[in-house]
Amino acid sequence: MKDFVKKVSKKISKLSEAQLAALFEDLNSENDMLNSLVESLSTGLVIVDENYIIMQHNKAAERLFPFVSRQAYNEQLPVWQLVDDEPLSFFLKSCASEQKTNVSEEFSIASDGGIKFLNVTILPFVQKHWNESTDVVETKIVGYIITVDDITQKRQQEILLHRMESLASLTNLAASVAHEIKNPLGAISIHIQLLQKAVKKARNGNGMLPAQKFMEDYLDVVNEEIDNLNKIVLDFLFAVRPVQATMTLCSPDSLIEKLTSFFKPEFDAKNVSLELRLSKKKTRLLMDEKLFREVIVNIVQNALAAITQRFSSSQEAGDGFAHGELIIESCVKDERYFLSFADNGSGMDSETSSHIFEPYYTTKSNGTGLGLTTVYKIIKEFRGDIDVKSVLGHGTVFTITLPVPQSGVKLIASKKSAKDEK
């Protein structure tokens, strides 16, 4: 049709009224078909000019795009001013100011039905025209095409699959609980048998019950072991409870900065240095902010305890805890977010470090052995990994790796960006 129009345009002055009417009818028919096609797409399309003023959009865009109102897209304002979501607005504004194209990023948007995940892509809107003087087809970027895809179902399926995979670890956990329960049950059984023998002996003899102290000692042991059993069962229920995560896109580095300002006084009081070396990129990850806070708190508290343990009894720290330090560092590489916690505390041997994520495994006298198990579960819920390297007497490094959801991914390098890189 394009070649046909180009040929006709050269001879339009020679066409009759009937031929012109037929031509415009064909063009109108094709235009209606294209409009119907655009409106039928499940992908939202927002076409903007070079200043990001909306020129055209489809129904899917009205449904998916978080406009401030239903009539917002009719306003003659840059599209980022019409969006009721700060991260998305910032993304659009930065793309406009830097003239970025062929980039894609994911966003989590609050909606009436919960959290909605959108994938937003910026593409160049290229217009071609025939230059009669040079007899060449020329192209020019006259605006941008913003596509919006609803990927909520995809993300929810990934989360559900991850939870189903985590259920496989329940077998090992059940075996650990069975082992933990055996000892209290054995102690209860023995002391009840001793009580039964004492009562039977008294009945067969003079009918006098054993001394009160004798009975109380055995009953105290039974009650103590019953309490132990109750604690084991409660810990087990806590360990197997599914992680109730509300996944949204948020900045981990911003949260870490807030939390470390909370920890700083405690570290300063013990002369322990707390240093942040966070990435300069504005990385947002798919995670639950409350659960991520729990991960940070657990690891930081463990680090402080290990530093305190080493330097409180070490002769190398003659001035208190002056040698203690914890370094929290983050970076983004190959679409992965890396977060490390490096301390110079007491450290662990290889046997201990290989078991620290297992339920009920602890080296603390008052520990439950579930803190780092919970950390492991949360990181896995975020589709990430956690690793530990430790040297006894020198320190420990925890490294968390989390996926970056298509943040600033270039789809096809544009001519402008390629030129800029030179």
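Now for a quick tour of the structure. Predicted, not measured: the structure shown is a model, and the values here were computed from it.

Some remarks on the overall build of the protein
For step 1, the next point in the chain: When its secondary structure is counted, the protein shows 12 helices and 13 strands.
For step 2, the next point in the chain: When burial is assessed residue by residue, the protein has 39% of its 422 residues classed as buried.
For step 3, the next point in the chain: Across the protein, every contact between residues at least 6 apart in sequence was considered, and the portion connecting residues at least 24 apart equals 62%.
For step 4, the next point in the chain: For the protein, the computed accessible surface area is about 25,400 Å², with 53% contributed by carbon and sulfur atoms.

Concerning the sheet that holds strand 10 (residues 336-343)
For step 1, the next point in the chain: Read across the sheet, 5 strands follow the order 7-9-10-12-11 without closing on themselves; strand pairing throughout is mixed. Of all strands in the sheet, those bounded by a partner on one side alone are strand 7 (273-277) and strand 11 (385-391). The sheet shows a mean angle of 10° between the axes of neighbouring strands, taken without regard to direction.
For step 2, the next point in the chain: In this structure, strand 10 lies alongside strand 12 (residues 395-403), joined through 8 bridges in antiparallel fashion. Residue pairing across strands places L339 opposite I400, the latter belonging to strand 12.
For step 3, the next point in the chain: Each of strand 7, strand 9 (325-333) and strand 10 is contacted by helix 8 (residues 252-269), which is oriented at about 170° to strand 7, the strand it contacts most.
For step 4, the next point in the chain: Here helix 9 (residues 289-312) sits on the sheet in contact with strand 9, strand 10, strand 11 and strand 12, set at roughly 25° to strand 10.

Details of the nonpolar core
For step 1, the next point in the chain: Ranked by internal contacts, the top residues of the largest apolar core, which has 74 residues, are Y52, L92, I146 and F341.
For step 2, the next point in the chain: Per element, the largest residue contribution to this core is 10 residues, and it comes from helix 9.
For step 3, the next point in the chain: When residues no more than four places from it in sequence are discounted, the contact partners of I146 are G44, L45, V46, V48, Y52, F65, V79, L92, V120, T121 and I122.

Quick word on the side chain of T396
For step 1, the next point in the chain: Here T396 shows up in strand 12.
For step 2, the next point in the chain: On the basis of relative accessible area, T396 is assigned to the buried category, the value being 5%.
For step 3, the next point in the chain: Non-local contacts of T396, meaning those with residues more than four positions away in its chain, are made with F341, A342, D343, G347, M348, V388, K389 and S390.

What to know about the packing of helix 9 against helix 11 (residues 371-381)
For step 1, the next point in the chain: Look at helix 9 against helix 11: their axes get within 10 Å of each other, and the N-to-C directions meet at 140°. In terms of their interaxial angle, helix 9 and helix 11 are classed as oblique. Between helix 9 and helix 11 the crossing geometry is left-handed. Touching L291, E294, V295, N298, I299 and N302 of helix 9 are G371, L372, T374, V375, I378 and I379, all from helix 11.
For step 2, the next point in the chain: Here the residues of the contact of helix 9 with helix 11 are counted per class, giving 7 nonpolar, 4 polar and 1 charged.

Notes on the packing of helix 8 against helix 9
For step 1, the next point in the chain: Interhelical geometry of helix 8 versus helix 9 gives an angle of 35° and a closest axis separation of 10 Å. You can see that helix 8 and helix 9 cross each other, and the crossing is right-handed. Contacts between helix 8 and helix 9 involve P252, L255, I256, L259, F263, E266 and F267 on the former and, on the latter, E289, F292, R293, I296, V297, V300, Q301 and L304.
For step 2, the next point in the chain: Residues that form the contact of helix 8 with helix 9 fall into these classes: 11 nonpolar, 1 polar and 3 charged.

Quick notes on the pattern of salt bridges
For step 1, the next point in the chain: Within this structure, the stated rule accounts for 8 salt bridges.
For step 2, the next point in the chain: Linking K380 and D385 is a salt bridge whose minimum nitrogen-to-oxygen distance equals 2.6 Å.
For step 3, the next point in the chain: In this structure, the salt-bridge partner of K389 is D387, at a minimum N-O distance of 2.9 Å.
For step 4, the next point in the chain: In this structure K389 comes out as exposed when scored by relative accessible area, which is 56%.
For step 5, the next point in the chain: Salt bridges linked by common partners bring R336, K380 and D385 together as one network.

A look at helix 11
For step 1, the next point in the chain: All of the buried residues in helix 11 are L372, T373, T374, V375, I378, I379 and E381.
For step 2, the next point in the chain: A positive phi of about 60° marks R383, the residue just after helix 11.

Re a negative patch on the surface
For step 1, the next point in the chain: A contiguous patch of negative charge on the surface is contributed by E216, D220, E224 and D227.
For step 2, the next point in the chain: For D227, the position within the fold is in helix 7 (residues 212-240).
For step 3, the next point in the chain: The class of D227 is exposed, set by a relative accessible area of 51%.

Thoughts on the packing of aromatic side chains
For step 1, the next point in the chain: On inspection of all chains with the given rule, the structure shows 7 aromatic pairs.
For step 2, the next point in the chain: Summarising the aromatic geometry, the rings of F91 and F107 are spaced 5.4 Å apart at their centres and angled 55° between planes, so their arrangement reads as tilted. Of this pair, F91 sits in helix 4 (residues 86-98) while F107 is found in strand 3 (residues 103-111), placing the two residues 16 residues apart along the sequence.
For step 3, the next point in the chain: Between F262 and F263, the ring centres sit 5.7 Å apart and the planes meet at 65°, which makes this aromatic pair edge-to-face.

The rules behind the values
- Residues numbered from 1 in each chain as written.
- Predicted model: local features only at pLDDT ≥ 70, side-chain atom pairs only at ≥ 80, totals over all residues.
- Heavy atoms only, no water.
- Helix = DSSP H or I, 4+ residues; strand = E, 2+ residues; numbered from the N terminus.
- Buried < 20%, exposed > 50% of the residue type's maximum accessible area, 1.4 Å probe, protein only.
- Contact = heavy atoms within 4.5 Å.
- Areas by Shrake-Rupley, 256 points an atom, 1.4 Å probe, with all protein chains shown as cover.
- Pairing = 2+ DSSP bridges.
- Axes fitted to C-alpha atoms, helices over the stretch in contact; angles between N-to-C directions.
- Core = buried A, V, L, I, M, F, W, Y, C linked by side-chain atoms within 4.5 Å.
- Parallel < 35°, antiparallel > 145°, perpendicular 65-115°, else oblique.
- Left-handed = near helix turned anticlockwise from the far one by under 90°.
- Nonpolar A, V, L, I, M, F, W, Y, C, P; charged D, E, K, R; others polar.
- Salt bridge = Lys/Arg side-chain N within 4 Å of Asp/Glu carboxyl O.
- Patch = residues over 30% accessible without salt bridge, like charges linked within 9 Å, V, L, I, M, F, W, Y side chains within 5 Å.
- Lys, Arg positive; Asp, Glu negative; His and termini not counted.
- Charge placed at Lys NZ, Arg CZ, Asp CG, Glu CD.
- Phe/Tyr/Trp six-rings, centres within 6.5 Å; stacked < 30°, edge-to-face > 60°.

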